[in-house]
Amino acid sequence: MKTSLRFKQISAGGDHTCGRATNLKTYCWGSNDYGQLGIGVTGNRTRPTKVFGPVVFTSVSAGGGYSCARTAVGKAYCWGENDMGVLGTNSRLSTLKPKAVLTSVRFSSIDTSYSRITCGISLGK
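As the structure is a computational prediction, the values presented were derived from the model and not from experiment.

**Concerning the packing of aromatic side chains**
In step 1: Inspection of the entire model under this criterion finds four aromatic pairs.
In step 2: Ring centres of F7 and W29 lie 5.5 Å apart, and the angle between their planes is 50 degrees; this geometry places the pair in the tilted category. Here the residue F7 occupies a position in strand β1 (residues 7–12), and W29 occupies one in strand β3 (residues 26–30), the gap between them amounting to 22 residues.
In step 3: Ring centres 5.5 Å apart and planes at 70 degrees place the aromatic pair F57 and Y77 in the edge-to-face group.

Written out as structure tokens, the structure is:
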């Protein structure tokens, strides 16, 4: 029996798309040259593929060659191309799997862009 996914939220990036499904898992598909799908390997995917790891995200944002997401408590994670440091990992190394953003700030939202700029709104104190 074929099961179809239903999405609560979708974000379209430069050449890839990510979404949060009703099953509480995050999926990405499309171009994956830099690991922007977060599935642990490179190589394009023509259908939704679950993002690597056990972390449950409440929102996801697909950018230009990278993606970011946040958890229910506001912790941010990013993955993919990082030559400009957009992943917030204190490095310029790209990553194929979600990696926690190095900050104590908790976010109510996080957004990426095609031109590789990442912004977030903090939950406050």
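**Brief notes about the nonpolar core**
In step 1: One finds C18, C28, L37, I39, V51, F57, V60, A62, A69, Y77 and W79 forming the largest nonpolar core, which totals eleven residues.
In step 2: Within the residue set of this core, elements represented by two or more residues are β5 (59–62) and β7 (76–80).
In step 3: Setting aside residues no more than four positions away along its own chain, A62 makes contact with S11, A12, G13, H16, C18, S67 and T112.
In step 4: Listed in part, the nine residues of the second largest apolar core include Y66, L87, V101 and I110.

**A word on the pattern of salt bridges**
In step 1: The full count for this structure, using the stated rule, is two salt bridges.
In step 2: Measuring nitrogen to oxygen at the nearest pair gives 3.2 Å for the salt bridge that ties E81 to R116. Here the residue E81 occupies a position in the loop between β7 and β8 (95–100), and R116 occupies one in the loop between β9 (107–111) and β10 (119–122), the gap between them amounting to 35 residues.
In step 3: In this structure E81 comes out as buried when scored by relative accessible area, which is 12%.
In step 4: Two residues, D83 and R116, come together in a salt bridge whose shortest N-O distance is 2.7 Å. Taken together, the residues span a long stretch of sequence, with D83 in the loop between β7 and β8 and R116 in the loop between β9 and β10 at a distance of 33 residues.
In step 5: Taken together, the salt bridges that share partners define one network made up of E81, D83 and R116.

Rules and cut-offs
Residues numbered from 1 in each chain as written. Predicted model: local features only at pLDDT ≥ 70, side-chain atom pairs only at ≥ 80, totals over all residues. Heavy atoms only, no water. Phe/Tyr/Trp six-rings, centres within 6.5 Å; stacked < 30°, edge-to-face > 60°. Helix = DSSP H or I, 4+ residues; strand = E, 2+ residues; numbered from the N terminus. Core = buried A, V, L, I, M, F, W, Y, C linked by side-chain atoms within 4.5 Å. Buried < 20%, exposed > 50% of the residue type's maximum accessible area, 1.4 Å probe, protein only. Contact = heavy atoms within 4.5 Å. Salt bridge = Lys/Arg side-chain N within 4 Å of Asp/Glu carboxyl O.

These figures capture arrangement, not role.
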